[in-house]
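Results of the structural survey
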Amino acid sequence: MMIKIRYLTKKDELDDLIHLSKEFFKEYDQHHPDFFKISKIDDNDVKSYFKKTLGRVAEKTVVALDGDKIVAYITFSIKERLPLYQLKRVGHISGLMVDKKYRRLGIAKKLLGFSKDWFKRKGIKYSYLETSSQNHGAIKFYSKNNFQNLRVQLIGKN
């Protein structure tokens, strides 16, 4: 199997990204049932999200392909911070998803590495991401790839 990593293009079929995105949110549903409503995710909203990263200078989607099939993606951007922060610009990884059949093959590490290299080329020293506190596999993966806890975000029912 030869996996190719590259930027998402206008020619790419987005149905694979819709499937992966729904799987992404479905996993989050398992961690907190009130957070997402998978049945209400509209395919056009997903397509619109990925299309908006096309052609933008500070926001990208990178895909991993097995032949013509998109089997993983990462989305990332540069965020401008409020003046009170010492770091004025940081990288933000908003999504990283690998099809279950393609996990443990090093694809996520390659995608993450791609984003880190892109951030470095843009002069960005730090990047951040969020994941569910119950997603122990992701936390372990990110820890192995030099991410550490910066803050804790808590949710409470009112």
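Here, every reference points to the structure presented above.
These figures come from a predicted structure and were not determined experimentally.

One finds Ile74, Phe76, Ile93, Ile107, Leu111 and Tyr142 to be the most contacted residues of the largest nonpolar core, which totals 23 residues. Contributions of two or more residues to this core are made by β2 (59-66), β3 (69-80), β4 (89-98), α3 (107-121) and α4 (136-144). Looking at this core element by element, the count peaks at six residues for α3. Ile18, Leu20, Val46 and Val63 belong to the second-largest nonpolar core, a separate cluster that totals 14 residues.

Quick look at the packing of aromatic side chains now. Scanning all chains against the criterion turns up eight aromatic pairs. Ring geometry for Tyr49 against Phe50: centres 5.2 Å apart, planes inclined by 80°, an arrangement best described as edge-to-face. Here the aromatic cluster, defined as three or more aromatic residues joined through ring pairs, consists of Tyr49, Phe50 and Tyr73. One residue, Lys60, lies across the ring of Tyr7, its end atom 5.8 Å from the ring centre.

To summarise the sheet geometry, strands pair through backbone hydrogen bonds and adopt either a parallel or an antiparallel arrangement. Read across the open sheet, the five strands follow the order β1-β2-β3-β4-β5; overall the sheet is mixed. Both edges of this open sheet fall to β1 (3-7) and β5 (127-129), since each of them pairs with a single strand only. Each neighbouring strand pair of the sheet contributes to a mean axis angle of 25°, computed without reference to strand direction. Note that β4 and β5 share three bridges and pair parallel. Counterpart to Gly91 in the pairing with β5 is Ser127. Packed onto the sheet, helix α2 (residues 43-52) meets β2, β3 and β4 and runs at close to 60° relative to β3.

Attention shifts here to unusual backbone geometry. If you check the backbone angles, Arg104 has positive phi at about 65° while not being a glycine. Note on placement: Arg104 falls in the loop between β4 and α3. Of the residues examined, Arg104 reaches a relative accessible area of 88% and is grouped as exposed. Residue Asn146 is not a glycine yet carries a positive backbone phi of 70°. Within the element layout of this structure, Asn146 appears in the segment after α4. A relative accessible area of 70% places Asn146 in the exposed class.

All right, on to the pairing of β4 then. Counted residue by residue, β4 has eight buried out of 10 residues, so it is predominantly covered. Each parallel crossover has a hand, and for β4 linked through α3 to β5 it is right-handed.

Rules and cut-offs
- Residues numbered from 1 in each chain as written.
- Predicted model: local features only at pLDDT ≥ 70, side-chain atom pairs only at ≥ 80, totals over all residues.
- Heavy atoms only, no water.
- Core = buried A, V, L, I, M, F, W, Y, C linked by side-chain atoms within 4.5 Å.
- Buried < 20%, exposed > 50% of the residue type's maximum accessible area, 1.4 Å probe, protein only.
- Helix = DSSP H or I, 4+ residues; strand = E, 2+ residues; numbered from the N terminus.
- Phe/Tyr/Trp six-rings, centres within 6.5 Å; stacked < 30°, edge-to-face > 60°.
- Lys NZ or Arg CZ within 6 Å of the ring centre and 35° of its normal.
- Pairing = 2+ DSSP bridges.
- Axes fitted to C-alpha atoms, helices over the stretch in contact; angles between N-to-C directions.
- Contact = heavy atoms within 4.5 Å.
- Right-handed = clockwise from strand over helix to strand, strands pointing away.

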